[in-house]
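Structure at a glance
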Amino acid sequence: MWLRQAFFRWLLPAAFLLPLWLLVGWGVFQGGWAILWVLFIAIPSVLVGQLLLTLLTRSRPSVRAERAVSWWDVAGFTLWHGLTIAVGCFIDGAFGWLLTAAIVAGLGLFWLQLWQLWNEAKGSGARLRETITWQTIPTAEEQVPPTRAHEVIVVREADTRD
């Protein structure tokens, strides 16, 4: 549980530290004109992508209640963050493969977040508005009480005769 909670707390700082790592990695490992790619494509992509994934992750009711991400999230973010860090090392010969893998992992993580959010939101609706002491919607196990037509009495004040 502590690992899932640590990932929950890591998501927001990661949106700023991972792009910073790309800039530092360029300075340490690469140099040259790759700075244009880092400044105008890599840093904004990672920043916006991580913020979007953080928003999708933290919008799930289970994540907000437990203040911990799911194990699927831990696996997905570990893979994507590891690949992003590896891209920032600018390894000759592997850079293209690592960049492609990081992009695919980021897109896969996006769809994973949407899938988890959809599964948690499915079937909620009116159930979320109920309280523990006041319940109007019967559960699947409960029998709905039979309804019968109510008796209607019509009282006429004056009888009109034409």
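Residues numbered from 1 in each chain as written. Predicted model: local features only at pLDDT ≥ 70, side-chain atom pairs only at ≥ 80, totals over all residues. Heavy atoms only, no water.

**Section: helix α1 (residues 2-30)**
Formally: Secondary structure counts use DSSP, requiring at least four H or I residues in a row for a helix and at least two E residues in a row for a strand, with both numbered from the N terminus. Between the first and last residue of a helix there are one fewer steps than residues, each counted as 1.5 Å, and that sum is the expected span. Consider a residue and the seven residues that end there alongside the seven that start there; fitting an axis to each set, the bend is the angle between those axes. Relative accessibility thresholds used throughout: buried, under 20% of the residue-type maximum; exposed, over 50%; partly exposed, between the two (1.4 Å probe, protein chains only). It only takes one pair of heavy atoms within 4.5 Å for two residues to be counted as in contact.
Compared with the 42 Å implied by 1.5 Å per residue over 29 residues, the 36 Å span of α1 between its first and last C-alpha is markedly short. Where α1 bends most, at Pro-13, the angle is about 50°. Of the residues making up α1, those classed as buried are Arg-4, Phe-7, Phe-8, Leu-11, Ala-14, Ala-15, Leu-18, Pro-19, Leu-22, Gly-25 and Trp-26. Structurally, α1 contributes buried residues whose contacts are with α2 (34-58), α3 (61-66) and α4 (71-87).

**Details of the pattern of salt bridges**
Note the threshold: Any Lys or Arg side-chain nitrogen located within 4 Å of an Asp or Glu carboxyl oxygen qualifies as a salt bridge.
Using the criterion set out here, one finds three salt bridges in the structure. Taking the shortest distance from any N to any O, the salt bridge between Arg-60 and Asp-73 comes out at 2.5 Å. Remark: Asp-73 occurs in helix α4 and Arg-60 occurs in the loop between α2 and α3; sequence separation between them is 13 residues. Like Arg-60, the residue Asp-73 is buried in the burial classification. One salt bridge connects Arg-60 with Glu-120, and the closest N-O pair in it is separated by 3.3 Å. On the criterion of sequence distance, the pair formed by Arg-60 in the loop between α2 and α3 and Glu-120 in helix α5 (residues 95-121) is long-range, its members being 60 residues apart. Among the residues examined, Arg-60 registers a relative accessible area of 1% and is labelled buried.

**Focus on the packing of α2 against α5**
Our working definition: Axis geometry follows a simple rule: fit a line to the C-alpha atoms, using only the stretch in contact for helices, then measure angles between N-to-C directions, giving values from 0 to 180 degrees. For classification purposes, an angle smaller than 35 degrees is called roughly parallel, one larger than 145 roughly antiparallel, one from 65 to 115 roughly perpendicular, and anything else oblique. Crossings are sorted by hand: turned counterclockwise from the far helix by less than a right angle, the near helix makes the crossing left-handed, and turned clockwise it makes it right-handed. Charged residues are taken to be Asp, Glu, Lys and Arg, nonpolar residues to be Ala, Val, Leu, Ile, Met, Phe, Trp, Tyr, Cys and Pro, and polar residues to be all remaining types, Gly included.
At a minimum axis separation of 9 Å, α2 and α5 run at an interaxial angle of 25°. By the criterion of interaxial angle, the relationship of α2 to α5 is roughly parallel. Crossing of α2 over α5 shows left-handed handedness. Seen from α2, the contacting residues are Trp-37, Leu-52, Leu-53, Leu-56 and Thr-57; seen from α5, they are Phe-95, Leu-99, Leu-109, Phe-110, Gln-113, Leu-114 and Leu-117. Broken down by class, the residue content of the contact of α2 with α5 amounts to 10 nonpolar, two polar and no charged.

**A closer look at the packing of aromatic side chains**
Definition in use: Two aromatic rings, drawn from Phe, Tyr or Trp (for Trp, its six-membered ring), form a pair once their centres lie within 6.5 Å of each other, and the interplanar angle then sorts them: stacked below 30 degrees, edge-to-face above 60, tilted otherwise.
The final tally for this structure, using the stated rule, is five aromatic pairs. For the pair Trp-37 and Phe-90, a centre-to-centre distance of 6.3 Å together with 85° between the ring planes defines the contact as edge-to-face. Separated by 53 residues along the polypeptide, Trp-37 in helix α2 and Phe-90 in the loop between α4 and α5 bring together distant segments of the chain. When its relative accessible area of 7% is taken as the criterion, Phe-90 is described as buried. Between Phe-110 and Trp-111 the ring centres are 5.6 Å apart and the planes differ by 75°, which places this aromatic pair in the edge-to-face class. Taking the relative accessible area as the measure of exposure, Trp-111 reaches 57% and is therefore exposed. One aromatic cluster in this structure is built from Trp-37, Phe-90 and Phe-95.

**Focus on the nonpolar core**
Among soluble globular proteins, nonpolar side chains are generally buried collectively. Condition: In plain words, nonpolar cores are sets of buried Ala, Val, Leu, Ile, Met, Phe, Trp, Tyr and Cys residues tied together by side-chain atoms within 4.5 Å.
By size, the foremost hydrophobic cluster in this structure holds 28 residues, and its most contacted members are Leu-22, Trp-26, Val-38, Val-69, Phe-77 and Leu-109. For this core, the elements supplying multiple residues, two or more each, are α1, α2, α4 and α5. In this structure, Val-69 is in contact with Arg-4, Phe-7, Phe-8, Leu-11, Thr-57, Val-63 and Val-74, ignoring residues within four places of it in sequence.

Everything listed here is a matter of coordinates, which is why it stays silent on function.
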